[in-house]
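# Coordinates in review
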Amino acid sequence: MAVTDAQTPLLDENTCGSLLNKLQEIWDEVGENDEERDKMLLQIEQECLDVYKRKVEQAAKSRAQLLQSLSDAKLELSSLLSALGENSFTGMPDKTSGTIKEQLSAIAPILEQLWQQKEERIKEFSDVQLQIQKICGEITGDLNPDQTGSFAVDESDLSLKKLDEYQSQLQELQREKSERLHKVLEYVSTVHDLCAVIGMDFFSIVTEVHPSLNDSIGVHSKSISNGTLAKLAKTVSTLKEDKTQRLHKLQELASQLIDLWNLMDSPIEERRLFDHVTCNKSTSVDEVTVPSALALDLIEQAEVEVERLDQQKASRMKEITFKKQDELEEIYVHAHIEINPEAARGKILSLIDSGNTEPAELLADMDKQIATAKEEAVSRKEILDKVEKWMSACEEESWLEDYNRDENRYNASRGAHLNLKRAEKARILVNKIPALVDTLVAKTRAWEEVHNMFTYDGVPLLAMLDEYAMLRHERGEEKRRMRDQKKYHEQQNTEQESVFGSRPSPARPLGNKKVVGPRPNGGANCTPNRRLSLNAHQNGSRSSTKDGKRDSPRPVAPLNYVSISKEDAASHVSGTEPVPTSP
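Residues numbered from 1 in each chain as written. Predicted model: local features only at pLDDT ≥ 70, side-chain atom pairs only at ≥ 80, totals over all residues. Heavy atoms only, no water.

## Structural notes on the overall build of the protein chain
Scanning the protein chain for helices and strands turns up 18 helices and two strands. Across the 583 residues of the protein chain, 32% fall into the buried class. Just so you have it, the protein chain exposes about 37,300 Å², and 52% of that area is on carbon and sulfur atoms. (Helix = DSSP H or I, 4+ residues; strand = E, 2+ residues; numbered from the N terminus. Buried < 20%, exposed > 50% of the residue type's maximum accessible area, 1.4 Å probe, protein only. Areas by Shrake-Rupley, 256 points an atom, 1.4 Å probe, with all protein chains shown as cover.)

This is how it looks when you write it as structure tokens:
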């Protein structure tokens, strides 16, 4: 503010009036006469007029230039609108409104926008016309890569109407190109499929038609000319004729192979080696699409196989029948049915060696036996599943007895909590054994009403269940006897306490005794863990293999069937003492 206030007096002092006054003061002080003063004033006035005149001329010249620029801008605006095919432009200023500079300022952004639009339009025209030229060259086959990229655009007509005409022409050419390209690709695909089927080199054939048809070249770079289409059509026709001739030859060989296989009853594995031959036995030419299905080396292999099978017609029967016997034995083993494999194989050999039985009849009879065995195995499956559950429950029952006898089972040892959980689950499972046995007995009897006796590896199942029930009853009686013995000892101790007034000295702590655990060949009380008596004297306890060898005997239900509670476990200790007679 101080600087501004300081400058204001200087501006006031430099006005014309102040300067003239100062000049008068100087003249008065100098003593200039009036004539000199008038002369000097005239000179000052003339100089001022010259300055004003000069400034007016400059302003007039500047106005003329601005008017010329405005005229050129309007002319350029009109030319651009005409070239672009626009009658008017949004935001066009009024011709008479505003000063010249305002009019120029209003036209300048419009011109810039129109020039940008013109450049974009020229680029669009150039792109469309270049594409038209390129597609025309591709169709005629005269495309020269050096000529593409240089194309002069007529800038006098850049209207949207003209551009639409070019675009319509381009779309029509693109449609034709797409159709031709689709046709070329169909031909190439057909050639590829035919070459794959008949085992010929696709690349050499297709590149012989035109190098651009190779798969390594992009789709849009493939030749679509008239000459390429004609060559492809001829190639496809030749390959189809060759395919038809090879298929007829292969079908003849397939018929011969099937006849020989049926005669010798060749295995499925051997036939599968030539599935690629026999699968085309009754197919038409168009249905054969598998690669190398009609290759020359495949046809030669089929011819060699036909010759080989002709020489092996009579040497495969024993192998076939023994394989079927193996299948039959496997079914019986899984169904726990006892058979005599040695006798069956001896019978087969005698039939083949005698020659009195036709091979086809022998094989049909064995297939019938296999079907019957499968039906019986299915009918036995439900009972066998329950037998497996019963045996598993008996194993858990045996483990639970050993666990209950262990005096240290509640100690905080490693794995004690896992054994405790297993014991809880085992008690639940053991409690279900009676119902499971009753269900097994009922289902077995129902099965035997329809079929013969139900045996498990040669042992009658009902006999196994009866013996199990008897042994379980004996164990129950033993448990009751031990509980009565324990009760008697407790009563005796109570009477002694009432007579003598004090309790007898306690026996040695149980914890000092040796812990009794499960043993490999018996229970905790050294009772032998023997097999069921019926199963121990039957051959059915062992399953046969196809080599005639016996597997190790399958463990059946153990002897210690009844689970022992915590109280019963303690009664084992008192059970070692003599039982006095009742008073």
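Still more ground to cover, so stick around.
## Some points on the packing of helix α5 (residues 160–198) against helix α6 (residues 202–209)
In a packed pair of helices, the relevant descriptors are the angle between the two axes and the axis-to-axis distance. In contact at an axis separation of 9 Å, α5 and α6 are set at 150° when each is read in the N-to-C sense. Put simply, α5 runs roughly antiparallel to α6. The chirality of how α5 crosses α6 is right-handed. Only F202, I205 and V206 of α6 make contact with α5, whose side of the interface consists of V188, V191, H192 and C195. Partitioning the contact of α5 with α6 into residue classes produces six nonpolar, one polar and no charged. (Axes fitted to C-alpha atoms, helices over the stretch in contact; angles between N-to-C directions. Parallel < 35°, antiparallel > 145°, perpendicular 65-115°, else oblique. Left-handed = near helix turned anticlockwise from the far one by under 90°. Contact = heavy atoms within 4.5 Å. Nonpolar A, V, L, I, M, F, W, Y, C, P; charged D, E, K, R; others polar.)

## Let's talk about the packing of helix α4 (residues 100–140) against α5
Their axes nearest at 9 Å, the elements α4 and α5 cross at an angle of 30°. Taken as axis vectors, α4 and α5 run roughly parallel relative to one another. Two packed elements cross with a definite hand, and for α4 against α5 that hand is left-handed. Contact residues: R121, E124, F125, V128, Q129, Q131, I132, I135, C136, E138 and I139 in α4; L160, K162, L163, Y166, Q167, Q169, L170, L173, Q174, E176, K177 and R180 in α5.

## A look at unusual backbone geometry
Phi is positive for S292, close to 60°, though the residue is something other than glycine. You will see that H336, though not glycine, has its phi angle at about 55°, which is positive. As for its placement among the helices and strands, H336 is situated in the loop between α11 (317–334) and α12 (341–354).

## Notes on the packing of aromatic side chains
Applying the stated criterion across every chain yields a total of six aromatic pairs. Between the aromatic rings of F202 and F203, the centroid separation amounts to 5.4 Å while the plane-to-plane angle is 65°, which identifies the pairing as edge-to-face. F203 gets classed as partly exposed once you look at its relative accessible area, which sits at 41%. Plain terms: the ring middles of W261 and F274 are 6.4 Å apart, the flat faces sit at 50° to each other, and that makes the pair tilted. With a gap of 13 residues between them, W261 in helix α7 (residues 226–264) and F274 in the loop between α8 (268–272) and α9 (275–278) connect regions that are remote in the sequence. Here W261 falls in the buried class, since its relative accessible area comes to 2%. Here R380 stacks its cationic end above the ring of W447, 5.9 Å away from the centre of that ring. Between the NZ or CZ atom of R422 and the centre of the ring of W399, over which it lies, the distance is 4.1 Å. (Phe/Tyr/Trp six-rings, centres within 6.5 Å; stacked < 30°, edge-to-face > 60°. Lys NZ or Arg CZ within 6 Å of the ring centre and 35° of its normal.)

## A word on helix α3 (residues 34–84)
Given a rise of 1.5 Å per residue, 51 residues ought to cover 75 Å, and the 74 Å separating the end C-alpha atoms of α3 matches this to within 8%. As for α3, its buried residues are in contact with α2 (16–30), α4 and α5. G85 lies just past α3 and shows a positive phi near 75°. (Expected span 1.5 Å × (residues − 1).)

## Re the side chain of S223
Here S223 shows up in the loop between α6 and α7. One polar contact links S223 to T228, side chain to side chain, over a distance of 2.7 Å. The residues contacting S223, other than those within four sequence positions of it, are V184, H210, S212, L213 and T228. (Polar contact = N/O pair within 3.5 Å; in protein donor to acceptor, adjacent residues only side chain to side chain.)

## Let's talk about the environment of Q131
Relative to the assigned elements, Q131 resides in helix α4. Q131 gets classed as partly exposed once you look at its relative accessible area, which sits at 34%. Distance from Q131 to L170, taken between C-alpha atoms, is 7.1 Å for residues 39 residues apart in sequence. Once residues within four sequence positions are removed from consideration, Q131 is found in contact with L170 and Q174.

## Quick look at the pattern of salt bridges
Opposite charge on two side chains makes pairing possible when the charged atoms of those side chains draw close. Following the criterion strictly, the structure yields 22 salt bridges and no others. The shortest N-O distance in the salt bridge between D127 and K123 comes to 3.2 Å. Residue D127 and its partner K123 are both found in helix α4; the two are separated by four residues, about one turn of the helix. With relative accessibility at 55%, the residue K123 sits in the exposed group. Put simply, R308 and E270 hold a salt bridge, and the shortest N to O gap is 3.3 Å. Remark: E270 occurs in helix α8 and R308 occurs in helix α10 (residues 296–310); sequence separation between them is 38 residues. (Salt bridge = Lys/Arg side-chain N within 4 Å of Asp/Glu carboxyl O.)

## Considerations on the confidence of the model for the protein chain
With 78% of its residues at a pLDDT of 70 or more, the protein chain has an overall mean of 76. Low confidence marks residues 1–12, where pLDDT is under 50. Its contacts with residues over four positions away, or in another chain, come to one contact. The low-confidence segment residues 503–583 (pLDDT under 50) makes 153 contacts with residues lying over four places distant or belonging to another chain. (pLDDT = per-residue confidence, 0-100.)

## Examining α4
For α4, with 41 residues, the first-to-last C-alpha span of 58 Å sits near the 60 Å given by 1.5 Å per residue. G141 lies just past α4 and shows a positive phi near 80°.

## So, the state of the cysteines
All chains considered together, the criterion is met by zero disulfides. Between C16, a cysteine without a disulfide, and C48, which holds the nearest cysteine sulfur, the sulfur-to-sulfur distance is 6.5 Å. Here C16 falls in the exposed class, since its relative accessible area comes to 69%. (Disulfide = S-S within 2.5 Å.)

## What about a negative patch on the surface?
Taken together, E32, D34, E35, E36 and D38 make up a surface patch of like negative charges. Among the secondary structure elements, D34 is positioned in helix α3. (Patch = residues over 30% accessible without salt bridge, like charges linked within 9 Å, V, L, I, M, F, W, Y side chains within 5 Å. Lys, Arg positive; Asp, Glu negative; His and termini not counted. Charge placed at Lys NZ, Arg CZ, Asp CG, Glu CD.)

## Describing the environment of R422
You can see R422 is positioned in helix α14 (residues 416–431). Residue classification places R422 among the partly exposed residues on the basis of a relative accessible area of 34%. The spatial distance from the C-alpha of R422 to the C-alpha of W399 is 9.6 Å, given a sequence separation of 23 residues. Other than its neighbours up to four places away in sequence, R422 contacts E396 and W399.

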